Amino acid sequence: MYGLEKELTDDELWHELELVYADYFVRDFPEALETEISERGVKLSGGQKQRIAIARAFLRELKILCWMKQQPVSIHILKKKCNDHWIN
């Protein structure tokens, strides 16, 4: 995956995508995990971009993740999942 220093298995990638509820739309990509996304992600919706960004943060094992103040309800659910991920 672009920007990561370590090699990841497909299972590791799918696991992180499932955590952020991104697996369902990535499976629909023409080549699933192998599909190239443009530099700015113009082929993705705003919500899809957010979910991919959060999955990348999980994979990088970041210690801090900032959230915007106004978020759709689905992001609140995702936020709880993220908190659970880092606590465990």
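None of the values given here were measured: they were computed from a predicted structure. (Residues numbered from 1 in each chain as written. Predicted model: local features only at pLDDT ≥ 70, side-chain atom pairs only at ≥ 80, totals over all residues. Heavy atoms only, no water.)

Colleague: Before we move on, can you summarise the nonpolar core with the specific residues and values?
Modeller: Looking at soluble globular proteins, one finds that nonpolar side chains tend to be buried together. Core analysis: the biggest nonpolar cluster contains twelve residues, these being Trp14, Leu17, Leu19, Val20, Ala22, Phe25, Val26, Phe29, Leu44, Ile54, Ala55 and Phe58. Sorting the residues of this core by element identifies helix H1 (10–19), helix H2 (23–26) and helix H3 (46–60) as the ones contributing at least two each. Contact partners of Trp14, with chain neighbours within four places excluded, come to Asp23, Val26, Arg27, Ala32 and Leu33. (Core = buried A, V, L, I, M, F, W, Y, C linked by side-chain atoms within 4.5 Å. Buried < 20%, exposed > 50% of the residue type's maximum accessible area, 1.4 Å probe, protein only. Helix = DSSP H or I, 4+ residues; strand = E, 2+ residues; numbered from the N terminus. Contact = heavy atoms within 4.5 Å.)

Colleague: Kindly report on the packing of aromatic side chains, identifying the contributing residues and their values.
Modeller: Enumeration over the complete set of coordinates arrives at two aromatic pairs. Judged by centre distance (5.3 Å) and plane angle (85 degrees), the ring pair of Tyr24 and Phe25 falls under edge-to-face. The buried category is assigned to Phe25, whose relative accessible area is 4%. Feature note: the residues Tyr24, Phe25 and Phe29 constitute an aromatic cluster, connected by ring pairs. A cation sits over an aromatic face here: Arg27 above Trp14, 4.1 Å from the ring centre. (Phe/Tyr/Trp six-rings, centres within 6.5 Å; stacked < 30°, edge-to-face > 60°. Lys NZ or Arg CZ within 6 Å of the ring centre and 35° of its normal.)

Colleague: So what's going on with H3? Which residues, and what values?
Modeller: The terminal C-alpha atoms of H3, which comprises 15 residues, lie 21 Å apart, in line with the 21 Å expected from a rise of 1.5 Å per residue. Of all the residues in H3, the buried ones are Gln48, Arg51, Ile54, Ala55, Arg56, Ala57, Phe58 and Leu59. Phi turns positive one or two residues past the end of H3, at Glu61, with a value near 55 degrees. (Expected span 1.5 Å × (residues − 1).)

Colleague: Tell me about unusual backbone geometry, and please be specific about residues and values.
Modeller: What is expected of a backbone is that most residues other than glycine have negative phi and most peptide bonds are trans. Residues other than glycine seldom take positive phi values, yet Tyr21 does so here, at roughly 55 degrees. Accessibility expressed as a relative area gives 35% for Tyr21, which makes it partly exposed. Phi is positive for Ala32, which is not a glycine, with a value near 50 degrees. Relative to the helices and strands, Ala32 resides in the loop between H2 and H3.

Colleague: Kindly report on a negative patch on the surface, identifying the contributing residues and their values.
Modeller: A cluster of acidic residues, Asp10, Asp11, Glu12, Glu31, Glu34 and Glu36, forms a negative patch at the surface. Among the secondary structure elements, Asp11 is positioned in helix H1. A residue is classified by how much of its surface remains accessible, and Asp11, at 63% relative accessible area, is exposed. (Patch = residues over 30% accessible without salt bridge, like charges linked within 9 Å, V, L, I, M, F, W, Y side chains within 5 Å. Areas by Shrake-Rupley, 256 points an atom, 1.4 Å probe, with all protein chains shown as cover. Salt bridge = Lys/Arg side-chain N within 4 Å of Asp/Glu carboxyl O. Lys, Arg positive; Asp, Glu negative; His and termini not counted. Charge placed at Lys NZ, Arg CZ, Asp CG, Glu CD.)

Colleague: Run through the confidence of the model for the protein, naming residues and quoting values.
Modeller: Averaged over every residue, the pLDDT of the protein is 77; the share at 70 or more is 64%. Element-level pLDDT for the protein is lowest in helix H4 (residues 73–87), with a mean of 63, against a maximum mean of 93 in H2. (pLDDT = per-residue confidence, 0-100.)

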